[in-house]
Amino acid sequence: MASVFLDVYRRSLERPEDFWAEAAEDIDWFEKWDRVLDDSKPPFFRWFAGGRVNTCYNAVDRHVASGRGEQLALVWDSPVAATKATLTYRELQSEVAVLAGALRDLGVVLGDRVLVYMPNIPETAIAMLACARIGAVHSVVFGGFASSELAARIDDARPKVVLAASCGLEPNRVVEYKPLLDGAIEIAEHTPETCVVLQRPQCPARLELERDVDWMDLVAGASPAECVPLAATDPLYILYTSGTTGIPKGVVRDNGGHMVALHWSMKNVYGMAPGEVFWAASDVGWVVGHSYIVYAPLLYGCTSVMFEGKPVGTPDASAYWRVISEQRVRVLFTAPTAFRAIKRDDPTAQLKRGYDLSAFRTLFLAGERADPDTLEWAEDILGVPVIDHWWQTETGWPMAANCLGIESLPVKHGSPTRAVPGYDVVVLDEHGREVAPDETGAICVRLPLPPGTLPTLWNNDQGYVDTYLSRYPGFYETSDAGFCDEDGYLWIMSRTDDIINVAGHRLSTGGMEEVLASHPDVAECAVIGVADDLKGQVPLGLAVLKAGVDRKGEEIAGELVQLVRERIGPVASFKQAAVVKRLPKTRSGKVLRGTMRSIADSQEYRVPPTIDDPLVLDEIKEALQGLGYAS
Ligand code: COA
Ligand code: AMP
């Protein structure tokens, strides 16, 4: 098949250095690189080694210098705070420079970590860019996590300074961040020197500790800082993501390769032009927010919409249509869950009437599998292309997509189309051999990964190798399973580890099991992800009690739900648990989580021949029925 896309794709794999050097011309460098790809220490690869660059300069200052100063850089729309705000590139530059100066006054220097514990408000983007300006490494923590998760991140990143907001706003409650932060610092071994708190009017925090500083007081006395030239390979940020245990993994992102890849993706994947409006309806605490609320749109000179609200309930299922029409959004990027929620509340999209969506060009979906029903519904009501695309925190930008800026390929519902240029995606069997088309296997990417992807884990090179590179030498293991069809389209079907995707949020069931196991009455437990019409998957816990515990199962189940909320956070959506007599196991003692999941989802299942006692499955079925599953 002759195709513009295939030509670009082949060139990206055959001549990666030329391909990415060309893309790098769109970035302003203080000094050009010595080598496009430094492959001297495999399996560690570095892009644009020797180059000197600054991400904040490229995302902000250069646009002011080239005449975009009066263009809107950020539009903030918060139905939960009943507020909207805008920042031009010039205004953004001045705010970022002053906060960077304030951080410098606090003693933050190149390489220091700054933890950002803030919701979807413009100051969070300002905080990230201020760090980038002076070479501090930011680590943003999502507001829906509990203190102990925050503490784990504080101990790993060891931040000199924390930038926090006094609260986040959920539709049904105000989430006070300051007590969560103080609680985390109490648990953590590392203590940050300063906590800078942005007081939100909805719930100002009490600043009584010596380390607490009011954000406004701090910036009032600061003078602007200039952009510092950094090595292209210096870290820009650390973003923690769920691994197979309760210990989060610190994904590192560099400066040079990250900018080159994100800038390239705005045109080639999303089909955007500078000056247009891009909206990623996600949270800055997730990778989608890092890449496509903050960095990519700004690097590309677009206007980025930041939304503090939900697709439904703030106030209703018209929220997205209102924002698209008011801001003349060209491209919206969100998770399929958001569209499932809108469809549930307004199945015939009556609420869309009256909104002018004429500027709207494309909807992109990612973060979880896009079920064909939802995708078709979105196509019907919007009348524009709906593009499923696939990526993960580790890669930072799409691995598979329909690259509209190169060539629009035919859509197959349920597939995120083909591997994106730069990614040599293969499907391997358990022996590491490539499987035939349509055969399922482990989805991997041949090394080296393209620019913008993780060079390593924070302070943990060995963990990077062990987690991603050891199982299939020469390849990066995505931990997704699926297949590639005869036309080269990828189909992402499931995870190969214990990660579940709840409303597009990535969570570890292993981490939840660790919490359940810490309950004094629990002998053993299992957490499985069960199908959910709205959130795609939700976790469900089953616990066996220690011998001699004589308490009501429902009471303990309630405590387990509460414990996960306290230790991991509300975002886990862990609301269902049951006490059972036994867990189904193989004769060698492996808990049969997959079989339990099939029972819960009312799917056909085969009783594994290695099962220790098949009767346990009946007991489990009964318990699951009690929770409304296994019909
Ligand atoms: N800070 C504090 N708490 C948060 C939070 C945050 N930033 N984000 C979510 N939570 C809480 C919610 O309040 C909720 O708590 P509750 O159990 O007390 O109600 C819980 O975490 C689960 O939140 P969420 O997954 O958002 O579910 P929801 O029931 O509140 O809303 C949807 C359902 C579908 C509207 C919502 O999941 C949604 O908008 N999904 C879109 C997907 C998305 O943006 N994914 C991001 C990755 S691209
Ligand atoms: P996260 O790191 O939070 O972005 O989650 C990444 C994981 O979400 C991937 O490894 C997949 O399991 C899943 N995922 C993301 N996008 C898609 C998609 N388009 N289709 C199927 N699964 C997806």
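Residues numbered from 1 in each chain as written. Chains lettered and ligands numbered in written order. Predicted model: local features only at pLDDT ≥ 70, side-chain atom pairs only at ≥ 80, totals over all residues. Heavy atoms only, no water.

**Q** What is the right way to look at the environment of Val287 in this model?
**A** Its location among the elements puts Val287 in helix 10 (residues 287-299). According to the relative accessible area criterion, Val287 is buried, its value standing at 8%. Those residues in contact with Val287 that lie beyond four places of it in its chain are Tyr237, Leu239, Arg253, Tyr292, Trp391, Gln392, Thr393 and Gly396. (Helix = DSSP H or I, 4+ residues; strand = E, 2+ residues; numbered from the N terminus. Buried < 20%, exposed > 50% of the residue type's maximum accessible area, 1.4 Å probe, protein only. Contact = heavy atoms within 4.5 Å.)

**Q** Got a minute to help me understand the pairing of strand 8 (residues 161-165) in this structure?
**A** Two faces belong to every sheet, and in a regular strand the side chains alternate between them. Of all five residues in strand 8, five are buried; the element is thus mostly enclosed. Across four bridges, the pairing between strand 6 (residues 113-117) and strand 8 is parallel. Paired with Leu115 across the two strands is Val162, which belongs to strand 8. Summarising the sheet, strand 8 and strand 11 (residues 194-198) pair through five bridges and their orientation is parallel. Its bridge partner lying in strand 11, Ala165 is registered against Leu198. (Pairing = 2+ DSSP bridges.)

**Q** Got a minute to help me understand the nonpolar core in this structure?
**A** Side chains of a nonpolar character, in soluble globular proteins, are inclined to be buried together. The biggest cluster of nonpolar side chains holds 145 residues, and the ones touching the most others in it are Leu163 and Tyr292. Once residues within four sequence positions are removed from consideration, Leu163 is found in contact with Leu99, Leu103, Val114, Leu115, Val116, Tyr117, Met118, Ala127, Val196 and Trp215. Within the second largest apolar cluster, 43 residues are counted, among which are Met512, Val538, Val564 and Ala578. (Core = buried A, V, L, I, M, F, W, Y, C linked by side-chain atoms within 4.5 Å.)

**Q** Looking at this structure, I do not really get the sheet that holds strand 23 (residues 425-428). What am I missing?
**A** With antiparallel pairing, four strands are arranged side by side in an open sheet as 23-24-25-26. For this open sheet the edge positions go to strand 23 and strand 26 (490-495), each flanked by a neighbour on one side alone. Taken over all neighbouring pairs, the strand axes of this sheet differ in orientation by 50° on average, direction set aside. Bridge analysis of strand 23 against strand 24 (residues 441-446) gives four bridges, and the strand direction is antiparallel. Following the sheet pairing, Val425 is matched in strand 24 by Val445. (Axes fitted to C-alpha atoms, helices over the stretch in contact; angles between N-to-C directions.)

**Q** Can you walk me through the sheet that holds strand 16 (residues 277-280) in this structure?
**A** Two orientations exist for strands paired in a sheet by backbone hydrogen bonds: parallel and antiparallel. Spatial ordering of the open sheet is given by 5-4-17-16-18-19-20, a layout of seven strands whose pairing is mixed. Because the sheet does not close on itself, it has two edges, and the strands there are strand 5 (83-88) and strand 20 (386-388). Averaged over neighbouring strand pairs, the angle between their axes works out to 20° when direction is ignored. Both strand 4 (residues 72-78) and strand 17 (residues 303-307) contribute to a ladder of four bridges, which runs parallel. Bridging across to strand 17, Val75 finds its partner in Val305. Contacting strand 4, strand 5, strand 16, strand 17 and strand 18 (331-334), helix 11 (residues 319-327) runs over the sheet at an angle of about 155° to strand 17. Lying over the sheet, helix 13 (residues 372-382) contacts strand 19 (362-365) and strand 20, oriented at roughly 155° with respect to strand 20.

By themselves, these observations are geometric and do not establish any function.
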